[in-house]
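An overview of the molecular structure
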Amino acid sequence: MKKQEKKTVCVIGLGYVGLPLAVRAKEMGYPTYGLERDAKKVALINKQKSPIKEEFLEHNLPKFPIIASTDEKIIKEADIVLICVPTPVDKNYYPDLGPVIGATETVVRNLKKGALVVLESTVNPGVSEEIVAPIFEKAGFKIGKDVFIAHCPERIDPGNKTWNVTNLPRVVGSFDQKGLAMAVEFYKNITTGEVRPMRSIREAEAVKIVENSFRDINIAFVNELAKSFDKLDIDIKDVIEGASTKFSFMPHFPGCGVGGHCIPVDPYYLIERAKASGFDHKFLRTAREINNSMPEYTVNLLQTALNEIKKPMKGTVVGVLGIAYKANIDDVRESPAIKIIELLKRHQVNVLTYDPYILEKSTEKNLAQLLKKSEALILVTNHAEFLKISPQTFKTNKIKVIIDGKNCLDKNAIKKLGILYKGIGH
Ligand code: SAJ
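Attention here is on the structure that accompanies the text. (Residues numbered from 1 in each chain as written. Predicted model: local features only at pLDDT ≥ 70, side-chain atom pairs only at ≥ 80, totals over all residues. Heavy atoms only, no water.)

Some thoughts on the sheet that holds strand β10 (residues 350–354)
Read across the sheet, five strands follow the order β10-β9-β11-β12-β13 without closing on themselves; strand pairing throughout is parallel. Every other strand in the sheet has two partners, leaving β10 and β13 (420–423) as the edge strands with one partner each. Looking at each pair of strands side by side, their axes are set apart by 15 degrees on average, direction ignored. Across four bridges, the pairing between strand β11 (residues 376–379) and strand β12 (residues 401–404) is parallel. Across the sheet, isoleucine 378 pairs through a bridge with isoleucine 403, a residue of β12. The sheet strands contacting helix α12 (residues 336–346) are β9 (317–321), β10 and β11, and the helix crosses β10 at an angle near 160 degrees. (Pairing = 2+ DSSP bridges. Helix = DSSP H or I, 4+ residues; strand = E, 2+ residues; numbered from the N terminus. Axes fitted to C-alpha atoms, helices over the stretch in contact; angles between N-to-C directions. Contact = heavy atoms within 4.5 Å.)

Written as structure tokens, this is what we have:
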């Protein structure tokens, strides 16, 4: 790890991935620019204020300020360009490479000859060769001479207190040895973790899709077990704890759905690309179907519980605890809460919401207000604030039904108070 004096870095996309990377590059001595289309974000970043509520950024951005701009001409200065734009799916779960294509075209318009361009966005094997490279070649750039292209899949886990851009292990692939060497050198200056060169850029693309699909299928496994064990009066939470005593078991946990910009999205990139080559990823598709079914399963648990106490869904006031896709962050992308709220409204439930990290999307501005008004609750996100609610508080607020979408509340204490509790297989 050595401080860099000369090479200039430009990060394209200053979100959960790009902004920490830019801050880290600056910390390691690279003059660092950030190209971001959202002018409000650019203004905040240039005042060293993080647009994202995230400890690493709020702590480090003021210490290692970068120059953010909406003007693509800042790429002209860069010896190293890092593309960190989203790779979402559309409403039919079809991959949307629009942001990657747009960013690549922007780089081509402004590229400094001989620069290294690294795609960090998660993509399926083949995108660098079939989508990114042709854009450079069509513009007359010779890859391996006028431009060096590499892929180093991002591994940022927002809010993770242990792993961040400074220590995450990375894999890197390129079209040529010089590009690989340039990229490996850069990332060795960024992370204290292992930097593993892969035999090809396609293998580097495959690594990230594999690690996230692995997580998705394992979550689907326990979600399916939760549904099955619910009918067998077996508590999946106890069973997972029991199985975890086995040295090789890797616990995953059932819940009301799988959200985020990675896990529920990345498998579709492989499913669709493999289909184009004549292979059907039945297993990955089935896992996605199981995980996508959990919001409806959760709402059905509420309907059953309300019916048990002779209350209809229609008109009942139901408080949704949490909108974010996971605990203690403010990210709603692909959050199960979105589907759950939509389904509740379809049942003409009177829906209230509260998320301490996303007050602007919450109908109630504090927890007490939501609890006071609600007759039933669905916990979607296991934010720390919700784990602190005492069972007596539910009783005092006359909550009759609790659906615990993350199996994180005190089931026995709640049931003892005569409140109807249902978890996910728990
Ligand atoms: N979830 C479950 N059961 C589990 C684990 C997660 O239902 O056992 C749900 C979460 O509630 C959430 C979704 O899945 O809705 C995704 O959760 P996540 O913990 O995987 O969080 P992410 O989406 O931030 O995943 C990131 C990923 N990082 C990148 O893609 C760069 C992923 O690779 C990491 O494995 C993951 O963090 C992690 O391990 O924390």
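Quick notes on the site of the ligand
Taken together, the neighbourhood of the ligand is formed by 18 residues, with Asn212, Arg215, Phe253, Tyr325 and Lys406 sitting nearest. Between the ligand and lysine 208, the relevant distance is 3.4 Å, taken from an oxygen atom to a side-chain nitrogen or oxygen of the residue. A distance of 2.8 Å is found between an oxygen atom of the ligand and a backbone nitrogen or oxygen belonging to tyrosine 325. Protein chains bury 85% of the 740 Å² of accessible surface belonging to the ligand in isolation. The cavity where the ligand resides is the largest pocket. For the shell around the ligand, the class distribution of residues is seven nonpolar, four polar and seven charged. When residues of the shell around the ligand are assigned to domains, at least three fall in each of domain 1 (9–198) and domain 2 (234–426). (Near = heavy atom within 4 Å. Polar contact = N/O pair within 3.5 Å; in protein donor to acceptor, adjacent residues only side chain to side chain. Areas by Shrake-Rupley, 256 points an atom, 1.4 Å probe, with all protein chains shown as cover. 1 Å grid on protein atoms, 1.4 Å probe; cavity = no way out; pocket = protein on both sides within 12 Å on 5 of 7 lines; lining within 4 Å. Sits in = over half its atoms within 2 Å of the grid points. Nonpolar A, V, L, I, M, F, W, Y, C, P; charged D, E, K, R; others polar. Domains from an automatic or database assignment.)

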